[in-house]
Amino acid sequence: MEMSSEQRIEASRDRVWAALNDTEVLRQAMPGCESFEAAGENQFNAKITAKVGPVKARFTFKVELSNIDPPTGYTISGEGQGGAAGFAKGSAAVRLREEEGATVLAYEVKANVGGKLAQLGARLIDGTAKKMADEFFENFTDLLSSDGTASEQSAAAADGDLIEGKAGKELPTWVWATAVLLLLALILAAIA
Amino acid sequence: MADNGIGASVRRKEDNRFLLGKGNYTDDINVAGQTYAVFVRSPHAHATLDSIDTSAAQAAPGVLAVFTGDDLAADGIGPLICGVTVTSDDGEPHRAPMHPALAQGKVNYVGDHVAVVIAESLAQARDGAELVQVDYGVLPAVTDTATAADGSQQQIHEVAPDNMCFNWPFGDKEAVDAAFDAAHKVSTLDLINNRMVTNPMEPRAALGEYNSGSEEITLHLTTQNPHVHRLVLSAFNQLAPEHKLRVVGPDVGGGFGAKIFVYAEELVVGWACRKVNRPVKWTADRTEAFLADAHGRDHVATAEMAMDENGKFLAMRVNTRANLGAYLSTFGTMVPSYLYAFLLAGQYATPLIYSEVKAVFTNTAPVDASRGAGRPEATFLLERLVDVCAADMGLDPAEIRRRNFIPTDAFPYQTPVVQCYDSGDYHAALEKALSLADYEGFAARAEEARSRGKRRGIGLSSYVEACGIAPSAAVGQLGGGVGLWESAQVRFNPTGNVQVFTGTHSHGQGHETTFAQLVCDQLGVPIENIEVIHGDTAKTQFGMGTYGSRSLAVGGVAIAKACDKLIAKGKKIAAHALEAAEGDIEFADGSFAVAGTDKAMSIGEVAFNAYVPHSYPEGVEPGFDENAFFDPLNFSFPAGTHICEVEVDPDTGVVDIVRYSAVDDFGKLINPMIVEGQVHGGIAHGVGQALLECARYGDDGQLLTASYMDYAMPRADNLPSFDVDYAPTDPPDNPLGVKGCGEAGAIGAPPAVINAIVNALGVKHIDMPATPENVWRAAKSAA
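Thresholds, definitions, all that
- Throughout this description, residue numbers start from 1 for each chain and increase along the sequence as written.
- Going through the entries in the order they are written, you letter the chains from A and number the ligands from 1.
- At least 70 in pLDDT is required for a residue's local features to be given in this predicted model, at least 80 for side-chain atom pairs to be given and counted, and no such filter applies to totals for whole chains, interfaces and linings, which use all residues.
- Here a strand is any run of E in DSSP of at least two residues, a helix any run of H or I of at least four, and the numbering for each starts at the N terminus.
- Residue burial is a threshold on neighbouring C-beta atoms within 10 Å of the residue's own C-beta, all placed from the backbone, with 20 or more meaning buried, 12 or fewer meaning exposed, and counts in between meaning partly exposed.
- Throughout, a residue-residue contact means that the two C-beta atoms, derived from backbone geometry, are no farther apart than 7 Å.
- Think of a nonpolar core as buried Ala, Val, Leu, Ile, Met, Phe, Trp, Tyr and Cys residues chained together by C-beta atoms that fall within 7 Å.
- For the domain bounds, the source is a domain assignment made automatically or taken from a database.
- Gly is placed with the polar residues, together with every amino acid not listed as nonpolar (Ala, Val, Leu, Ile, Met, Phe, Trp, Tyr, Cys and Pro) or charged (Asp, Glu, Lys and Arg).
- Here a strand pair is declared whenever DSSP counts at least two bridges between the two strands.
- Between the N-to-C directions of two axes lies an angle of 0 to 180 degrees, each axis being a line fitted to C-alpha atoms and, for a helix, fitted only over the stretch in contact.
- The pLDDT value tells you how sure the predictor is about a given residue, anywhere from 0 up to 100.
- Along the arc lie the directions from the helix axis toward the C-beta atoms.

## Let's talk about the overall build of chain B
Regarding its fold elements, chain B presents 20 helices and 30 strands. Based on the C-alpha atoms only, the size of chain B along its principal axes is roughly 85 × 75 × 50 Å. Among the 783 residues that make up chain B, the fraction classed as buried is 59%. Sequence-distant contacts in chain B: of pairs separated by 6 or more residues, those separated by 24 or more amount to 80%.

## Here's the deal with the overall build of chain A
Of the regular secondary structure elements, chain A holds 6 helices and 7 strands. Starting at the N terminus and ending at the C terminus, chain A contains elements arranged as β-α-α-β-β-β-β-β-β-α-α-α-α. Across the 192 residues in chain A, those meeting the buried criterion constitute 46%. Within chain A, residue pairs in contact and separated by at least 24 positions form 64% of the contacts whose partners lie at least 6 positions apart.

## Details of the nonpolar core
All names here are of chain B. Judged by nonpolar contacts, the single largest core of 289 residues is most densely connected at A37, V117, V519, I559, V753 and I757. Counting residues per element, this core draws most heavily on helix α16 (residues 551–577), which supplies 13 residues. Excluding its chain neighbours within four sequence positions, the residues that come into contact with V117 are V38, V40, A57, V63, V66, A125, G128, A129 and V132.

## Description of the domain arrangement of chain B
Residues and elements named next belong to chain B. The assigned domain composition of chain B is domain 1 (2–22 + 485–630), domain 2 (31–139 + 201–254 + 259–292) and domain 3 (295–470 + 634–782). Just the C-alpha atoms count here: the centres of domain 1 and domain 3 sit 38 Å apart. The interface is formed by 22 residues belonging to domain 1 together with 22 residues belonging to domain 3. Of all the secondary-structure elements, those providing two or more residues to the side of domain 1 that touches domain 3 are α15 (511–523) and α16. Among the elements that take part in the side of domain 1 that touches domain 3, α16 stands out by supplying 6 residues, more than any other. Classifying every residue of the side of domain 1 that touches domain 3 by side-chain character gives 10 nonpolar, 10 polar and 2 charged.

## Focus on the interface of chain A and chain B
Think of interface size as the accessible area that goes away when the parts come together; that is how it is often given. At the junction of the two partners, chain A supplies 13 residues and chain B supplies 13 residues. Within the residue set of the side of chain A that touches chain B, elements represented by two or more residues are β7 (102–114) and α3 (116–121) of chain A. Here the side of chain A that touches chain B gets 4 residues from one element, more than from any other, and that element is α3(A). Partitioned by chemical class, the residues of the side of chain A that touches chain B number 5 nonpolar, 6 polar and 2 charged.

## Concerning the sheet that holds strand β8 (residues 185–193) of chain B
Residue and element names in this part refer to chain B. One open sheet holds the 5 strands; their spatial order is β7-β17-β16-β15-β8, and the pairing between them is mixed. In this open sheet, the two edge strands, each paired with only one partner strand, are β7 (164–170) and β8. Averaged over all pairs of adjacent strands, the angle between their axes in this sheet comes to 5 degrees, without regard to strand direction. Pairing analysis gives 9 bridges linking β8 to strand β15 (residues 299–307), with the strands arranged antiparallel. By the bridge assignment for β15, N193 is matched with H299. On top of the sheet, helix α5 (residues 173–181) reaches β7, β8, β15, β16 (313–323) and β17 (352–360); it is set at about 120 degrees to β16, its chief contact.

## Quick word on the sheet that holds strand β29 (residues 655–665) of chain B
The strands making up a sheet associate through hydrogen bonds between their backbones, and the pairing can be parallel or antiparallel. Residues and elements named next belong to chain B. Within the open sheet, the 4 strands sit side by side as β20-β28-β29-β30. Their pairing is mixed. Whereas interior strands pair on both sides, the edge strands pair on one side only; in this sheet they are β20 (455–464) and β30 (722–726). Sheet twist, expressed as the mean angle between neighbouring strand axes with direction ignored, is 15 degrees. Here β29 pairs with β30 via 5 bridges, running parallel. Along β30, the bridge assignment pairs V663 with D725. Of the strands in this sheet, β20 and β28 (639–648) are in contact with helix α13 (residues 442–451), which crosses β20 at around 140 degrees.

## Some details on the pairing of strand β3 (residues 63–68) of chain B
Residues and elements named next belong to chain B. Counting buried positions along β3 yields 6 of 6 residues, so the element is predominantly enclosed. Note: β3 against strand β5 (residues 113–119), 5 bridges, orientation antiparallel. Looking at β5, one finds that V66 is bridged to V117.

## What to know about the confidence of the model for chain A
For chain A, per-residue confidence averages 69 on the pLDDT scale, and residues scoring 70 or more make up 60% of the total. Under a pLDDT of 50 for its full length, residues 147–173 of chain A has, in the predicted model, 36 contacts with residues more than four places off or in other chains.

## Overview of unusual backbone geometry
A negative phi holds for most residues other than glycine; trans holds for most peptide bonds. Residues and elements named next belong to chain B. Note that the residue after G78, namely P79, is joined by a cis bond; omega there is -5 degrees. Considering the arrangement of structural elements, one finds P79 in the loop between α3 (69–74) and β4 (106–107). In the segment running from M768 into P769, the intervening peptide bond is cis, with an omega of -5 degrees. With respect to the helices and strands, the residue P769 is situated in the loop between α19 (744–761) and α20 (772–782).

## Description of helix α12 (residues 426–436) of chain B
Residue and element names in this part refer to chain B. Along α12, the residues that are buried comprise Y426, A429, L430 and A433. Seen from one end, α12 has its buried residues packed into an arc of 100 degrees, which puts them on one side. D438 occupies a position one or two residues after α12 and carries a positive phi of about 45 degrees.

Written as structure tokens, this is what we have:
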């Protein structure tokens, strides 16, 4: 499948990045996400149970970031195994920009699915993936706008450390966000 | 009684149980202690098997065992075989890669068998299968028939450089090339034959039981040929000695070829039931059927015809690439070779034919026989080419056929491609079909349709096929590992009813009725007193099964020969009882009579005498039970002309088949109603291929059409009411005067439909399936 879109988030880039840096916020925004954790430099593991219609499967995802070029873009690639349901793998090119005080996140996802997912769902993937991407951003925006959901950690992040695009051990927050997006796209592709 | 004999449209005896839900299919059978098998299948088209960790699955609740290819190999089981050799142009036999029932080291198509989980319940087996951890090293996939062997693709098997299974030229290339050089006109056509999933209604299933006391394995299978299964599983797969293996094919819900072959699942279930010492059942779900049943067709070809100034065919040249899939299925090599190239003459007296077939391996499901097997491919190519020839010469499609048909007085006719047609009258069938279809009135109908914004087209297809498979000597010469005779046993019980054991099988064609009619007609026994028994190696002595429209033409003759033996023996018994000379006994309508007298006894009385031989002729054995074997002298050559008329909506590309006329030569009909049903079903199959069906793999080797969401089968609203008639000839090589009818529709229909669409749109060609999108694009390009 191929999916490309832009998402305008009605918040300053500072505020968006701060919230996106909160892995707990991301976990909550993504339906069915049980865990999302670092597994090495620029590598992450996630466990996600996804259900669409009659198909329910638990996916183990491994993703890796490359071509990291803060704060303008990077490539993220990964693979998810869903047991008997099959597999999903793919990559996404991501671009971030500021626009009239809001943040626009543009993404292009290319993903392949295999096994039962391809056999039964190939034709449904694109539509379902788009629908669920919208759902993710809806959740995310809700979490972002409701006071009190932001943890102390994200509040601290909002103070400015990460906004400066800190090089080194911690990744820019938008990387987390787009990693989640890719995972989301893969899962959507997988379960669609 | 003659009411139910040859020529009567007797209602099908078996329909009572089929229509009332009382059929007995493999999955209907459940036995005490039964366990369930689920196969772990590769999600990748091409990958190395780097590791298989079965420990979690082994420990899962209810799981009895998890087996992999190593376990099968350790027991010396397998590999699966291909039974027909084709010699490649380098003089070597076709390349035959190892085909393990459970993969070893590598998987070669999506759905390939990696492991099997045996558990107490189906749900537990499925859960267990989820826990088998497999590390795959993904390799590039090869899926495209045209380019698989052009040297640009990843090699799949070590033994098959460039993915070539065989390159098989046939015919006098020099003479053909010379004829082309001297020709007035050459017509050329590139075409594909779309890949089909055979789709019998009942998915494949297997139930294995091991009796540790008798050391016998009983395997219930969805099979068209139980004895062939037993022979191959025993002699080549080392499952068990033949006398310790019983294969039963109970009711079979459609086969169309897909249930001929010996599949991995069947071998594994047979082996696993002994391994776990419990009955093991496996039933395919529909997606497994799409993935792992042998597929059909999948050719890419170029066809050329050289003609003189009158449109007379001088020579034909055909270059074909045939996709055999990832491994060779049981008869995979035979379909695009002997069953294809030897039919390329069709109904025409083309003196010179040269064919070159390159059979290739790809990372797709194995390809093998599917209703028609090779003959639909040959017929589609030829009948499309003939229409292109007609257009190029400015001749009517009917006229170019007339000019090139084999003359009716030329039979038996030796074609330049091996086959010798024993009988046929192609002109008669064509003229009858033209009349049935009101060919003359087409122009007016087309005009009227145009006034409604529709494009009306008419298409002809004059096919011939070779069935009644097959003379054993011919099969042997061609590199086949079997004889294709048939056997029968006709047994009177002492009370006068009759059991007919046939080595053929039925997967829905109504043999229980047709064969009973044969016996009823010949022996004069009421049809309700005749039972036809098939499908069990423990009941019938041997047999080759059902495919290639052979059951009546070969198996029926064996039954008739057994009846002849009973009559001959009956005459001796009756002569003794009636105190007459054996030579004076005449048999007719179930009665042995002394010629010229009113002294007679019924065949039932004779049978009773044979079992209670108190007063009995000397030297005659008791019992009234005869065996016969029949090895056909030749193939059988049904032929006919089908005419399809369509209306195309140029704005939507939707094709409506508004009229379909079929005139076939099946020789003598035993049950016209059953024959008509076979014709209807065959045409529906052919319409499915022409308009709807296509198995598609993505470039990565994923099967994208693995459910009825994405693979379109024909439905009632795709089909008109058919006009069916016959133009029979008497085949001298068949003792019953019969030909086969089961595949004819699937062979004749696709070119008739496509020729009609091409005619409607005024284009040169349109590939199958002619979906609305394809037709719409073709209409746009023509406009």
